[in-house]
Amino acid sequence: MCIRDRYMGLPGINEILVEVVSAVILTDYKAIHLTATRTFVDVYGKERKAGEEWLVTKEMASTHISDVYEKIVNEVNILVLSSNEHCYLLNPLENGINQMGKKILIKGPRAFFLNPGEQLDGSISANYILSDDEALLVKAVENYKDEEVGVKLPGDFWMIKGPRNFIPPVEVVIIEKRSAIPLDSVEGIYVRNYTTGAINSVIGKTYMLKADEDLFDKELPDVVVELLNTEGGAKSRRLSSVVTYRVPYNSAVQIYDYKLKRSRVVFGPELVMLNPDEQFTVNYLSGSTPKVPGRVKTLHVSLGPAFTTDKILQIETSDHARLEIQLSYNWRFQIEDQEKDGYKMFNVRDFIGDMCSSMASRIRATVASIPFDQFHKSSVRTIRKAIFGIDPSTNKVVNEVHIPENNLVVFNVDIQSSEPMDKRTKESLQKTVTQAIEITTKMQEQEARRQADKIRQEEMGKLECLILENEATVEEAKRELLLLKAESDFIKSKGQATAEAKANAEAAEILAKAEVVSADLRAQANKVREMASIEHKNSMNVVQLEYKKSLNELTIKKAQELAEIESGKFKKIMESIGQETLVNIAKAGPEMQSQMLNSLGLQGYMLMDSKNPINLFTAASGMVSAKEPAQE
């Protein structure tokens, strides 16, 4: 038995107080989940079956006290959905019965409690707010019909494009959210179509994947990735991005299409963008000295001019002297038509190794037919003749050799070193070379010494002849000098006398004329000086007169204006102050003094010091005049 009303008393003989139960306060945000332990009718008049579960909310009662056959399972908080939220409810309660396996969509704004047996599928989710460059890839899991997309069967895919606010129905699941991919003119992506299986590249535009499309990851061989990172300067890339490679200037790259089974050659400078079924052709070239196959890996091949250094070992002459030669070849590709000749470049994969092997075989064949002494004396001509051959018409060495398989042209060869491999031959050669150098040096020294003596004797003879000729010339010059000196002294004495007489006469005449001119000029100067002085005095008098006249006029005008200003100022001050204010100002001094004396208990006062003596007559009259009003 449950007592809900107020009660005061003791339990009966057959009664036991089991428990005092407090009421549970119900609010708009809280409810309680109850279950029945046996069949009974609850306080709200509804029959509850054993094991039945239900909610008690504030709409039913503000407080609730559990009955004897009720058990509180837990407290249930309200779920609140905003206008941009939604959730999915599993096993919804309809007509008091949970629809097991059913799923419904609840959109916001809304607030509700979860009934017993109901549960959320996941959690409260925000609506999908899509901009104009976003979309959702969705899939139908049940039959779905919509005015916008029509009828969709389970397994169908389609795109929900923005801008819009989208809430997925129960029949639809979200696969992924997609955004439009902006691509520059030198950027691209690989796209695969699930329906057709075709793989295409999209370049230079903003692209939104379709419902049956996905990004395709293009795999590249490890060696290509390594070369792209080193040669192309590319960093880690997305596998779905179009593979790009900047072909250097004066270079070429071969690209093979495995779908079309054909290749194309691209000449630099150019940006290469691979199609989905294309791959770069990796060039494995010989490197190091002597050449080792496969040492150099590269994507592009230089068109040249370039040089390659190689060391040829085991060259044997006709007298079985073995040599070691290091050569440097200058080569280039002869490309006249890029479309036709471009493919020939890659006909020989390791063109460096093939060229060095071909040149080495030619040199070996030529050197094997001549003795060591002959080769040593004319090694440069022998090697150039072996490589380039002889022109039959001119019997001269050809300037270049052409390899027609790949249009490679070798146009020069530099012999960097040529040494015997046999130690004794090498030492003998060094001794022979040293002796030859010494003999040549001595012969050149003797020849130089002989030529120097010959030249010295010839120069000494020429010098003696020049000395004799110079002495004869000097004596003849002395004789002529004496004659000219005597004639010069005669002319000098005669001219000096004549010049002195003329100079004295002309000096006297010039002095007399100068005195006359000087007197005239002095007279004119005095006259000009007197006239200038008179004019200066007249001008000064006129200027001073004008200055004084102007100054007097300005002084008078200034005094008149100041008087007018003071008059106007005084008039305006009087008008602004007013008659009453003037009377009050006139009375304010005496009245204030009188009040001050009264407050101090004085009839009058007088201040004086030694510097400012006061007229006692005037002071006395002032005291008398100040006292009379006080007595009144």
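It should be emphasised that the depicted structure is a prediction, and the values quoted were computed from it without experimental measurement.

**Student:** I tried to follow the overall build of the chain on my own but got confused; where do I start?
**Tutor:** Helix and strand counts for the chain stand at 8 helices and 39 strands. Relative to the 2.2 N^0.38 estimate, which gives 26 Å for 632 residues, the radius of gyration of the chain is 64 Å and therefore markedly larger than a compact globule would have. Put simply, 59% of the contacts in the chain that link residues at least 6 apart link residues at least 24 apart. Accessible surface computed for the chain: about 43900 Å², of which carbon and sulfur atoms make up 54%. Here the chain contributes 79 positive and 90 negative side-chain charges, whose respective centroids are spaced 3 Å apart.

**Student:** What is the right way to read the nonpolar core from this model?
**Tutor:** The nonpolar side chains of a soluble globular protein tend to be buried with one another. Tyr-329, Phe-351, Met-355, Ile-363 and Ile-387 are the most contacted members of the largest nonpolar core, which has 39 residues in total. Those elements that place two or more of their residues in this core are β28 (262-267), β34 (306-316), β35 (322-333), α3 (351-367), α4 (372-377), α5 (379-388), β38 (401-403) and β39 (408-420). When near neighbours in sequence (up to four residues on either side) are disregarded, Ile-387 contacts Tyr-329, Met-359, Arg-362, Ile-363, Val-401 and Val-413. In terms of nonpolar packing, the next biggest core, distinct from the first, is built from 20 residues, Phe-216, Leu-220, Val-253 and Ile-255 among them.

**Student:** Hey, could you run me through empty space enclosed by the protein in this one?
**Tutor:** If a probe as big as a water molecule is rolled over the atoms, it shows which places are left empty. Considering all chains together, one arrives at 1 cavity of 30 Å³ or more under this definition. By volume, the largest cavity is sized at about 40 Å³. Along the walls of the largest cavity sit Asn-283, Leu-285, Val-301, Met-345, Phe-346, Val-348, Arg-349 and Phe-351, which together make up its complete lining. Looking at the lining of the largest cavity residue by residue, the class counts come to 6 nonpolar, 1 polar and 1 charged.

**Student:** Honestly, the pattern of salt bridges in this entry has me stumped. Any pointers?
**Tutor:** When their charged atoms lie close together, side chains carrying opposite charge are able to pair. Within the structure shown, the criterion is met by 16 salt bridges. For Lys-30, the salt bridge identified is with Glu-75, shortest N-O distance 4.0 Å. Pair noted here: Lys-30 is in strand β2 (residues 30-36) and Glu-75 is in strand β7 (residues 70-77), with a separation of 45 residues, a long-range link. The partner of Glu-134 in a salt bridge is Lys-177, with the nearest N and O atoms 3.7 Å apart. Of this pair, Glu-134 sits in strand β17 (residues 134-140) while Lys-177 sits in strand β22 (residues 172-179), and the two are 43 residues apart along the sequence. In this structure, a network of salt bridges that share partners links the residues Asp-42, Arg-48 and Glu-52.

**Student:** Explain the sheet that holds strand β24 (residues 199-203) here, please?
**Tutor:** The strand order across the open sheet built from 3 strands is β24-β23-β25, with neighbouring strands paired in antiparallel fashion. The open sheet has two free edges, formed respectively by β24 and β25 (213-215), since each of these has just one partner strand. Between one strand axis and the next, the sheet turns by 35° as a mean value, whatever way the strands run. Pairing analysis gives 3 bridges linking strand β23 (residues 188-193) to β25, with the strands arranged antiparallel. Looking at β25, one finds that Asn-193 is bridged to Glu-213.

**Student:** Sorry, what's going on with α3 here?
**Tutor:** A turn of α-helix holds 3.6 residues, and therefore any two residues three or four places apart point the same way. For α3, which comprises 17 residues, the first-to-last C-alpha distance of 24 Å matches the rise-based estimate of 24 Å (1.5 Å per residue) to within 8%. The complete set of buried residues in α3 reads Phe-351, Ile-352, Gly-353, Met-355, Cys-356, Met-359, Ala-360, Ile-363 and Val-367.

**Student:** Where do I start with helix α7 (residues 579-600) in this structure?
**Tutor:** Taking 1.5 Å as the rise per residue, α7 with 22 residues should run 32 Å; its terminal C-alpha atoms sit 32 Å apart, in good agreement. Approximately 35° is the largest bend angle found in α7, and it occurs at Ala-588, with the proline Pro-590 only one to four residues beyond. With 1 of 22 residues buried, α7 is to be regarded as a mostly surface element.

**Student:** Can you walk me through the pairing of strand β27 (residues 251-257) in this structure?
**Tutor:** Across a regular strand the side chains alternate sides, sitting on one face of the sheet and then on the other. In terms of residue burial, β27 counts as a mostly covered element, since 6 of its 7 residues are buried. Relative to strand β33 (residues 300-302), β27 runs antiparallel, the two sharing 3 bridges. From the neighbouring strand, Ser-251 faces β33, where its bridge partner is Ser-302. Two strands pair when backbone bridges link them, and β27 and β28 are joined in this way by 6 bridges, in the antiparallel orientation. By the bridge assignment for β28, Gln-254 is matched with Val-265. Linking β27 to β28, which pair antiparallel, is a turn of 4 residues; within it Lys-261 sits at a positive phi near 55°. In terms of strand pairing, β27 meets strand β30 (residues 278-280) through 3 bridges, oriented antiparallel. Counterpart to Ile-255 in the pairing with β30 is Phe-280.

**Student:** Got a minute to help me understand the packing of aromatic side chains in this structure?
**Tutor:** Aromatic ring pairs: the centre-centre distance and the angle between the two ring planes describe each pair. The full count for this structure, using the stated rule, is 7 aromatic pairs. A ring pair is formed by Phe-40 and Tyr-69, whose centres lie 5.9 Å apart and whose planes are at 50°; its orientation type is tilted. A residue pair is termed long-range when its members are at least 10 positions apart, and Phe-40 in strand β3 (residues 40-41) and Tyr-69 in the loop between β6 (63-64) and β7 qualify at 29 residues. Both rings, one in Tyr-144 and one in Trp-158, keep their centres 5.9 Å apart while their planes meet at 10°; by these two values the pair is stacked. Of this pair, Tyr-144 sits in strand β18 (residues 144-146) while Trp-158 sits in strand β20 (residues 157-161), placing them 14 residues apart in sequence. Of the residues examined, Trp-158 reaches a relative accessible area of 7% and is grouped as buried. Taking the ring centre of Trp-54 as reference, the NZ or CZ of Arg-48 above it sits at 4.3 Å. Of note, Arg-110 hangs over the ring of Phe-112, and the distance from its end group to the ring centre comes to 5.5 Å.

**Student:** Help me understand the confidence of the model for the chain in this model?
**Tutor:** Regions with low pLDDT carry predicted coordinates that are not meant to be interpreted in detail. Scored by pLDDT, the chain has a mean of 85; 90% of the residues are at 70 or more. Throughout residues 623-632 the model reports pLDDT below 50, and contacts reaching past four residues in sequence, or to other chains, amount to 2 contacts.

**Student:** Help me understand the sheet that holds β38, please; the structure alone is not making it clear to me.
**Tutor:** Where strands meet in a sheet, backbone hydrogen bonds hold them as pairs that are either parallel or antiparallel. Within the open sheet, the 4 strands sit side by side as β34-β35-β39-β38. Their pairing is antiparallel. Of all the strands in the sheet, the pair left with one neighbour each is β34 and β38. Going across the sheet, the axis of each strand differs from the next one's by a mean of 35°, ignoring polarity. By the bridge criterion, 3 bridges tie β38 to β39 in an arrangement that is antiparallel. What sits directly across from Val-401, in β39, is Val-410.

Basis of the calculations
Residues numbered from 1 in each chain as written. Predicted model: local features only at pLDDT ≥ 70, side-chain atom pairs only at ≥ 80, totals over all residues. Heavy atoms only, no water. Helix = DSSP H or I, 4+ residues; strand = E, 2+ residues; numbered from the N terminus. Rg over C-alpha atoms; globule rule 2.2 N^0.38 Å. Contact = heavy atoms within 4.5 Å. Areas by Shrake-Rupley, 256 points an atom, 1.4 Å probe, with all protein chains shown as cover. Lys, Arg positive; Asp, Glu negative; His and termini not counted. Charge placed at Lys NZ, Arg CZ, Asp CG, Glu CD. Core = buried A, V, L, I, M, F, W, Y, C linked by side-chain atoms within 4.5 Å. Buried < 20%, exposed > 50% of the residue type's maximum accessible area, 1.4 Å probe, protein only. 1 Å grid on protein atoms, 1.4 Å probe; cavity = no way out; pocket = protein on both sides within 12 Å on 5 of 7 lines; lining within 4 Å. Points joined across faces, edges and corners; volume = space filled by probe spheres on them. Nonpolar A, V, L, I, M, F, W, Y, C, P; charged D, E, K, R; others polar. Salt bridge = Lys/Arg side-chain N within 4 Å of Asp/Glu carboxyl O. Pairing = 2+ DSSP bridges. Axes fitted to C-alpha atoms, helices over the stretch in contact; angles between N-to-C directions. Expected span 1.5 Å × (residues − 1). Bend = angle between axes of the 7 residues up to and from the residue. Phe/Tyr/Trp six-rings, centres within 6.5 Å; stacked < 30°, edge-to-face > 60°. Lys NZ or Arg CZ within 6 Å of the ring centre and 35° of its normal. pLDDT = per-residue confidence, 0-100.

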